[in-house]
Every structure is written in structure tokens, then in C-alpha cells.
Amino acid sequence: MAKVFLRKEMSIGNVSAEEDDEFLYNCFFDHSAKSIATDKKNSKCFLLGNTGIGKTAIISKIRQENENANIISLSDLSMGYISNSTAIKFIKEIDVPLDYFFQALWRHIIVIEYIRISFDVTSTEKSQNAFSRILEKFRNNEPRRRALEYLEKWSDKFWVTFDENIREIELNLEREVSLLAGAEYQKFKTDVGYKNKLSELRKTHLQSRLQTVVDASLLSELGKVQDALSDYAKDNQQKFVYILIDGLDENWVGIDTKYKLIKALIEAVKSLRKVQNLKIISAMRVDLLEKVIQETRHDGFQSEKYKDYFVEIRWKGAELRKLLDTRVNYMYRNKYSSENVFLRDVFPNKINKKDPFDFLSERTLLRPRDAISFINHCFFEASENPPISVKEVQRAERNYSEERRRALVEEWAGVYPGLEVLLSSLVHRRASFPLADLLTAEYIDMIAVELLCNDRYARDPLCRGMKNAYEESQFTNENKILEQVVEVCLVLHLVGAIGLNTAPHEPMHWFYKEGHQIPKAHITKNSKIRIHPMLHSSLGINTGEKVRDYA
């Protein structure tokens, strides 16, 4: 084999799929989640996984492979028109639920995009021609013709930007609210204390009137449109269309509206399966879904009802190894060598008595992004002569571990803003220890003080229970301390920071591998905790003594 060189500038790709087109498309691993999501008959359409698991890569690859696929850019939707709408704020102020309106909004957006792709609409003329073709199909079908009255309002706007479409919807809503609420709406716009002056009787009257602009009749109209489009596609052998949605975790709309809109999207996607030549595929982060559940639980949202619509992305070690070997080989053959070069050629035979891939992968949450980042750190630390030495890998691990700790805190900040406090409580502990080691008033008191005395942690779900226990001086009661420690462990387990073992001779349970949490009742003071190796360096974990391997 030709001599293998090592350079600090070497990289097997960008950790962000959005900035990694070259490696993404040339080294794409055909994960089973992609074939499940693109299966036209399979109901699973939400790619679910943590940051760096490959959701965006799959979305991008589907777009590349299908000429009748398009990614809806959430930034182009300009949902700010909705979240900043005075009419929407007024409707919220008088406690009228917006669920149906938000569902109708998504269904409108997706139906318009479906027509745009399916009929290749690029101008006003083509927009009107598309509607004429649909109308001609149902000329002698009165129920379907009535259904198309909704589409007729938009027959010259199928080609315009989402921005214009949503602005038009917001203006229509504004006009309807102004018409129905009249003087009360004008008072709301000028009086900041309007809600406090509104009598219950008047509020009930307004609720009754405004319910008509956000009720299920909107969905009923769109449902009939969907049926008509499905019939048209079936009889005319229309091409199959994929509509792709990514970036739900980004700042595409105000936070007070975001979670309700995501819940509405899930409902809308579920209903749009009626259109047989359309499949909507969306990426969803685990932490985001958790936050949607938290914020909309009072609206009756139950994630288990939607289990059939989620594809959980998980990687096996062999799959991750193949992906990394492909990327290393592509990097060398594309820039440095005509020979095949793989991981085994640039790393020592053993790192701490382990196969180099096993050593690297143990320090990841089995996500491509983690592994790519670790190897890039190793290249940066390496001298020019291969293989990369054990000391160089250890130097890379220090920077990588600190990076993973920060990334974990950032990833879960929306759900558990106090995660950094929980991670800090593990500093300088042993790699594996009994849960009983945490059952002290000092430990839980330290966490409670940190969480409760800092306003930025106020929205953390742990705060409520700790506040009650703290105020009632329950941190002297062993059962109450255990209850709080279990809550802390469940959070650390969910985010991947620790594994839990609840019974002797059973394997260590890791959420990122199994995909489900351990029931609270199974966690006792005899349970064992293991801190994930990716955090050992950052947290100064004691790994010097022989530790029983529960993994």
C-alpha cells in the first residue's frame, strides 16, 4: 500500500450535514430508516432521533434521488406573520383554542406545495391551468366540484411563495376577526389591560363568535380537497410526490406558538395520508418531541398515539464502522492516495487494549456526528507519520469530551435548561458507582440550590418537585431524597450521560441504545450508575480502579 500521510487539515467531513454535501452524497450510508420513510405504503414518516443521528442527511438524500421531492424551508414560511398576528393574539387572549386553525394552516401549505410539484406550477398561467385540469376532471361530479371551491380561491396563487400565501391567510383572519369581534377587537389593540377588564359573559360571547374562524369546518373543507386530489391522482397516474420538512428545532417561529404548531403538523401529516401519491417526511429531534409533549399535554397530546408515524433512527456498531471506513477511504482516494485506506491503517492496533473503533465508538452515543468529530480531533492532534499514537488519541479525547459535554447541554437546553448543573454533580466521581452514593441531603441540596436560585433554570421540570421538597424540608427524609435522586438519574439517563443497572447480572441500560426509559419503580438505592465514557475526560472521572463492565 502507498505510504499513508497524516495532516492536521485532514477531515472526514463536517459535523453538520447541512455543510457536508461532498461527504454526505459520496459516502452516504443507506440506513434502513430511509427505506422505511420512503416506503409509499408505510405510515412512518417522522424521522426521530437526537442531534447528529443522520436525520438531515436522510432528508437531503431523498431530495437528491427524487425529482418530484422538495424540502419546505421553514424560514421561507414566514410563520412570524402568524405568531406576531394581532388577530392570533386576540384569539389567544380570550382562550379560544387554535388547534384546528393551525392544522388547517399546515394542510393548506402542504396541499399548495403538492399541487405546485405535481403539476409543475411555475407561473400564474400554469397555476390556473392546474386548477382547470382538476376542475375539468370533476365537471360532472357535484360533491367534488363543491369541494374545489376552496381551491378556486387560490387558483392563481399555487406558484407564489409561502411568504405570500401565509401573509394572505393572516390578512383573511384579521378581516374575519375584525368583522366578528368589532369594537372589542379595536379595544384589545389599544388597551394593554384589555383581558382584565373583560367580563366572563362578554368573553363567552366572543368565544362563541370567534370559534367559527378556527373550528373544524376549515379542516372539513381541506379534507374534501384532499379527497378530490387523491381521486384525480389515482385516475390520471400522477407522479409520486415527496414533501420534506427539516429544521423544526430552529427559530422559525415564536416560542409561544412553536410547540402548538408542531403538534398541529403531526395531526396534519396524519390526515394527509389520504392523498395516495403523496408522502410527507419530516425530521424531529427527540428533545423537541419531549418539549412538545410537555407544552401541549394539557391539550390532550399523547405521543403514544402517534408511535406508528415515527421512525426511530439508531445505529449499530457495524453500520457506524462502515460509514467511517467509507469516509476515511474517500478522503484519502480523493486527495492523497490512489490506494484504499481505512481506519485500521491510520490508528494503532490497540488503544487501551481495545480495537481502535471500539475505543472510539464507546465514546459516542452511536451517532455519526460524534464519531466524525472524534476522528477529526484525532487527525488534528496527529503527527505526520501514521499510525496516530495512543497519546495523540488521548489528547484528542480531552477536547472532544469537552465538546460533547457542551453539545449535550445545548441540545437539551429547551427541555432541561439545568442539565449543566446535573452534569457538574458528577465531577470527579468513579466511572461506575451505586446509586446509594448519591443518597445524601448534601447532594440533592446542592442541586436544588443551583436550580432554584438561578432564573434561567426556572422552566426546568425538576424545579417544581425540588421546590416543594425544599420548602417542606423533606431533604432529611431518605425516601424523599431517593425520590429526587431518581428524578435526576432519569434525566441524565434520557440524555445519554449515564447508564443504569437495576438488577444484579443484568446489562447496563442505555437510553440511546434501547430507546426507552426504565420505570421509576425499578430504580432503587441498589441500582448501579455508569457515567458515559464520552464525558470521562470533561468531568474528571476516576477510571484508575478496575470497574466491573455492565455494558
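Only a predicted model underlies this, so the values are computations on that prediction, with no experimental measurement involved.

**Points about the overall build of the protein chain**
Per the secondary structure count, the protein chain includes 28 helices and eight strands. Structurally, the protein chain occupies a C-alpha span of about 80 × 70 × 40 Å along its principal axes. Per-residue burial for the protein chain yields a buried fraction of 52% across its 551 residues. Per element, the accessible surface of the protein chain, about 25,600 Å² overall, is 46% carbon and sulfur. A gap of 3 Å separates the mean positions of the 81 positive and 80 negative side-chain charges of the protein chain.

**Some remarks on the sheet that holds strand β5 (residues 310-312)**
Sheet architecture is open: five strands sit in the order β2-β3-β4-β1-β5, paired in parallel fashion. Each of the sheet's edge strands pairs with one partner strand only, and the pair in question is β2 (69-73) and β5. Each neighbouring strand pair of the sheet contributes to a mean axis angle of 25 degrees, computed without reference to strand direction.

**Notes on the packing of aromatic side chains**
A complete count under the given rule lists 15 aromatic pairs for this structure. When the ring of Trp510 is compared with that of Tyr512, the centres are 5.9 Å apart and the planes differ by 55 degrees; the resulting orientation is tilted. Among the residues examined, Trp510 registers a relative accessible area of 4% and is labelled buried. An aromatic cluster of at least three residues, connected via ring pairs, comprises Phe90, Tyr185, Phe188 and Tyr194. The ring centre of Phe240 lies 4.8 Å from the NZ or CZ of Lys40, which sits over that ring. Positioned above the aromatic ring of Phe433 is the side chain of Arg429, whose terminal nitrogen or guanidinium carbon lies 5.8 Å from the ring centre.

**Here we look at the sheet that holds strand β7 (residues 498-501)**
Pairing within the open sheet is antiparallel, and its three strands lie in the order β6-β8-β7. In the strand order of this sheet, the two ends are held by β6 (432-434) and β7, each with one partner. On average, each strand axis in the sheet is inclined to that of its neighbour by 25 degrees, with strand direction left out of account. Sheet analysis places β6 next to strand β8 (residues 528-531), joined by three bridges and oriented antiparallel. Directly across from Phe433, in β8, lies its bridge partner Ile529. Across the sheet, helix α26 (residues 478-495) touches β7 and β8, and the angle it forms with β7 is around 120 degrees.

**A few points about α26**
Taking 1.5 Å of rise per residue, 18 residues should cover 26 Å, and α26 covers 26 Å from first to last C-alpha, within 8% of that figure. Listed in full, the buried residues belonging to α26 are Ile481, Gln484, Val485, Val486, Val488, Cys489, Leu490, Val491, Leu492, His493, Leu494 and Val495. Just downstream of α26 lies Gly496, where phi reads positive at about 95 degrees.

**Observations concerning the pairing of β7**
With burial as the criterion, each face of β7 is covered, one bearing Ile498 and Leu500 and the other bearing Gly499 and Asn501. Direction of pairing for β7 relative to β8: antiparallel, over a ladder of four bridges. Looking at the pairing, Asn501 lines up with Lys528 of β8.

**Section: a nonpolar patch on the surface**
Nonpolar side chains collect at one region of the surface, where Val449, Leu452 and Tyr470 lie side by side and expose about 220 Å² of accessible area between them. Taking the relative accessible area as the measure of exposure, Tyr470 reaches 37% and is therefore partly exposed.

**A word on the pattern of salt bridges**
The final tally for this structure, using the stated rule, is 33 salt bridges. The salt bridge partner of Glu184 is Arg202, with a shortest N-O separation of 3.3 Å. Here the residue Glu184 occupies a position in helix α12 (residues 183-190), and Arg202 occupies one in helix α14 (residues 200-214), the gap between them amounting to 18 residues. Overlapping salt bridges bring together Lys354, Glu362, Arg363 and Glu397 as one network.

**Things to note about the confidence of the model for the protein chain**
Within the protein chain, residue pLDDT values average 88, and 96% of them lie at 70 or more. Counted against residues more than four places away or in other chains, residues 545-551, with its pLDDT under 50, gives 15 contacts.

**Things to note about the nonpolar core**
Ranked by internal contacts, the top residues of the largest apolar core, which has 186 residues, are Met79 and Trp106. In terms of residues, this core owes the most to one element, helix α7 (residues 99-118), which gives twelve residues. Filtering out sequence-adjacent residues up to four positions away, Trp106 remains in contact with Leu74, Leu77, Met79, Trp252, Leu261, Ala264, Leu265 and Ala268.

**Observations regarding a negative patch on the surface**
Residues Glu18, Glu19, Asp21 and Glu250 make up a contiguous surface patch of negative charge. When you line up the elements, Glu250 lands in the loop between β3 (241-246) and α16 (255-271). For Glu250, a relative accessible area of 45% puts it in the partly exposed group.

**Here's the deal with the environment of Lys34**
Along the chain, Lys34 turns up in helix α2 (residues 32-38). Residue classification places Lys34 among the buried residues on the basis of a relative accessible area of 9%. Linking Lys34 and Val311, residues 277 residues apart in sequence, is a C-alpha distance of 9.0 Å.

**Quick word on the pairing of strand β4 (residues 278-285)**
For β4, a buried count of eight out of eight residues is recorded, marking the element as mostly surrounded by other parts of the structure. With burial as the criterion, each face of β4 is covered, one bearing Leu278, Ile280, Ser282 and Met284 and the other bearing Lys279, Ile281, Ala283 and Arg285. Sheet topology note: the strand β1 (residues 46-49)/β4 ladder contains four bridges and is parallel. From the neighbouring strand, Leu48 faces β4, where its bridge partner is Met284. Bridge analysis of β3 against β4 gives five bridges, and the strand direction is parallel. By the bridge assignment, Ile245 is partnered in β4 with Ser282. What joins β3 to β4 is α16, and the crossover it makes is right-handed.

Basis of the calculations
- Residues numbered from 1 in each chain as written.
- Predicted model: local features only at pLDDT ≥ 70, side-chain atom pairs only at ≥ 80, totals over all residues.
- Heavy atoms only, no water.
- Helix = DSSP H or I, 4+ residues; strand = E, 2+ residues; numbered from the N terminus.
- Buried < 20%, exposed > 50% of the residue type's maximum accessible area, 1.4 Å probe, protein only.
- Areas by Shrake-Rupley, 256 points an atom, 1.4 Å probe, with all protein chains shown as cover.
- Lys, Arg positive; Asp, Glu negative; His and termini not counted.
- Charge placed at Lys NZ, Arg CZ, Asp CG, Glu CD.
- Pairing = 2+ DSSP bridges.
- Axes fitted to C-alpha atoms, helices over the stretch in contact; angles between N-to-C directions.
- Phe/Tyr/Trp six-rings, centres within 6.5 Å; stacked < 30°, edge-to-face > 60°.
- Lys NZ or Arg CZ within 6 Å of the ring centre and 35° of its normal.
- Contact = heavy atoms within 4.5 Å.
- Expected span 1.5 Å × (residues − 1).
- Patch = residues over 30% accessible without salt bridge, like charges linked within 9 Å, V, L, I, M, F, W, Y side chains within 5 Å.
- Salt bridge = Lys/Arg side-chain N within 4 Å of Asp/Glu carboxyl O.
- pLDDT = per-residue confidence, 0-100.
- Core = buried A, V, L, I, M, F, W, Y, C linked by side-chain atoms within 4.5 Å.
- Right-handed = clockwise from strand over helix to strand, strands pointing away.

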